[in-house]
Amino acid sequence: MNWQANINTIREIYPGHFQIILDFATNAIIKHLIREDYSMVWVHHHQTSPYADWHSFELPVAKDSMNLTVKARQVNFDFVLPTPEFLELLPALDKGINLVQLNRLPPAYLDSQRIQGKTRYDLLKRECDYLFELYILSAADYGTLVSHRSILVRISPY
């Protein structure tokens, strides 16, 4: 079965972890997924702007140094916010997002760019008590939602 046959269908991708591929997903779905009883939201691979323009930012440009104001472009970083603060910020976020709602701060070794697959979701469950991970492309073609809880049943159209 190809991936298109899995659109809007809940599938177990690893033991105890389920995924749904969302057709034409946008950031608008986030407000329907976020639960206020989960303490924080981890946004990873966040880019300040999808453009190559230079902007002034205060950044830690050297290890163990204070921040410097520099011209930078395509700044990419992770951030964690308490759920209520994330919900306030949500309307201002651009298209496309990669986030995890969780109860515990991710440990330093949980690098979302390097750790993938079953190991990633097992670590998110064990170390962070995650509710879901959502990845929405900025082009709004498809999005993926992974969870080990019944959140997927709430959004499934079936």
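Further up the page is the structure itself.
All residue numbers here refer to positions counted from 1 along the written sequence of the relevant chain. Totals for whole chains, interfaces and linings use every residue, but because this is a predicted model, local features are given only for residues with pLDDT of at least 70 and side-chain atom pairs only at 80 or more, for both listing and counting. The side-chain figures draw on all heavy atoms in the structure; neither hydrogens nor water molecules are used.

Peer 1: For the overall build of the chain, give the residues involved together with the corresponding values.
Peer 2: Only DSSP runs of H or I covering at least 4 residues are called helices, and only runs of E covering at least 2 are called strands; the numbering of each starts at the N terminus. Within the chain, the regular secondary structure consists of four helices and nine strands. Secondary structure elements in the chain, listed N-terminal to C-terminal, are β-β-α-β-β-β-β-α-β-α-β-β-α. Residue burial is assigned from relative accessible area. The probe radius is 1.4 Å, only protein chains are included, and a residue is buried under 20% of its type maximum, exposed over 50%, and partly exposed in between. Scored against the burial criterion, the 158 residues of the chain give a buried share of 38%. By element, 53% of the accessible surface of the chain is carried by carbon and sulfur atoms, the whole surface being about 9,400 Å². The Shrake-Rupley method, run with a 1.4 Å probe sphere, supplies the accessible areas, and residue values consider only the shown protein chains as cover.

Peer 1: Residue-level account of the sheet that holds strand β2 (residues 17-23), with values.
Peer 2: Strand pairing follows a simple DSSP-based rule, namely that at least 2 bridges must link the two strands. If you trace the seven strands from one edge of the open sheet to the other, you get β1-β2-β9-β8-β7-β3-β6, paired in antiparallel fashion. What marks the edges here is a single partner per strand, and that holds for β1 (11-14) and β6 (76-82). Neighbour-to-neighbour, the strand axes of this sheet turn through a mean angle of 20°, independent of strand direction. Here strand β7 (residues 97-102) runs beside strand β8 (residues 132-136); their pairing, made up of five bridges, is antiparallel. Axis lines are fitted through C-alpha atoms, for helices just across the contact stretch, and the angle between N-to-C directions can take any value from 0 to 180 degrees.

Peer 1: Account for the pairing of β8, naming residues and giving values.
Peer 2: With four of five residues buried, β8 is to be regarded as a mostly interior element. Sheet topology note: the β8/strand β9 (residues 142-147) ladder contains five bridges and is antiparallel. Of the residues in β9, the one forming a bridge with F132 is S147.

Peer 1: Tell me about the packing of aromatic side chains, residues and numbers included.
Peer 2: In summary, the pairing rule links any two rings of Phe, Tyr or Trp, Trp by its six-membered ring, whose centres are within 6.5 Å, and it sorts them by plane angle into stacked for under 30 degrees, edge-to-face for over 60 and tilted for everything else. Applying the stated criterion across every chain yields a total of three aromatic pairs. Judged by centre distance (6.2 Å) and plane angle (35°), the rings of Y121 and Y130 are tilted. In this structure an aromatic cluster arises from ring pairing among Y14, Y121 and Y130.

Peer 1: Describe the side chain of H44, listing the residues and the values that go with them.
Peer 2: Residue placement: H44 occurs in strand β3 (residues 40-47). Residue H44 is classed as buried on the basis of its relative accessible area of 1%. It only takes one pair of heavy atoms within 4.5 Å for two residues to be counted as in contact. Those residues in contact with H44, other than ones at most four positions away along the chain, are F77, D78, N98, V100, S112, R120 and E133.

Peer 1: An account of the environment of K125 is needed here, citing residue identities and associated values.
Peer 2: Tracing the backbone shows K125 in helix α3 (residues 117-128). For the pair K125 and H148, spaced 23 residues apart in sequence, the C-alpha separation works out to 7.8 Å. Ignoring anything within four residues of it in the chain, the contact list for K125 reads H17, R104, Y130 and H148.

Peer 1: Tell me about the pattern of salt bridges, and please be specific about residues and values.
Peer 2: Counted as salt bridges are all cases of a side-chain nitrogen of Lys or Arg within 4 Å of a carboxyl oxygen of Asp or Glu. Tallied over the full model, the rule gives five salt bridges. Put simply, E133 and R120 hold a salt bridge, and the shortest N to O gap is 2.5 Å. Here the residue E133 occupies a position in strand β8, and R120 occupies one in helix α3, the gap between them amounting to 13 residues. Residues E133 and R120 agree in their burial class; the two are buried.

Peer 1: Provide a residue-level description of the nonpolar core, including the pertinent values.
Peer 2: Residues I30, F86, I97, L99, F132 and L134 are the most contacted members of the largest nonpolar core, which totals 21 residues. Where this core is concerned, the elements lending two or more residues are β2, α1 (30-33), β3, β6, β7 and β8. With three residues, the single largest contributor to this core is β8. In this structure I30 touches F86, L90, I97, L99 and L134, once residues within four positions along its chain are discounted. Nonpolar cores were defined as sets of buried Ala, Val, Leu, Ile, Met, Phe, Trp, Tyr and Cys residues, with membership established by side-chain atoms within 4.5 Å.

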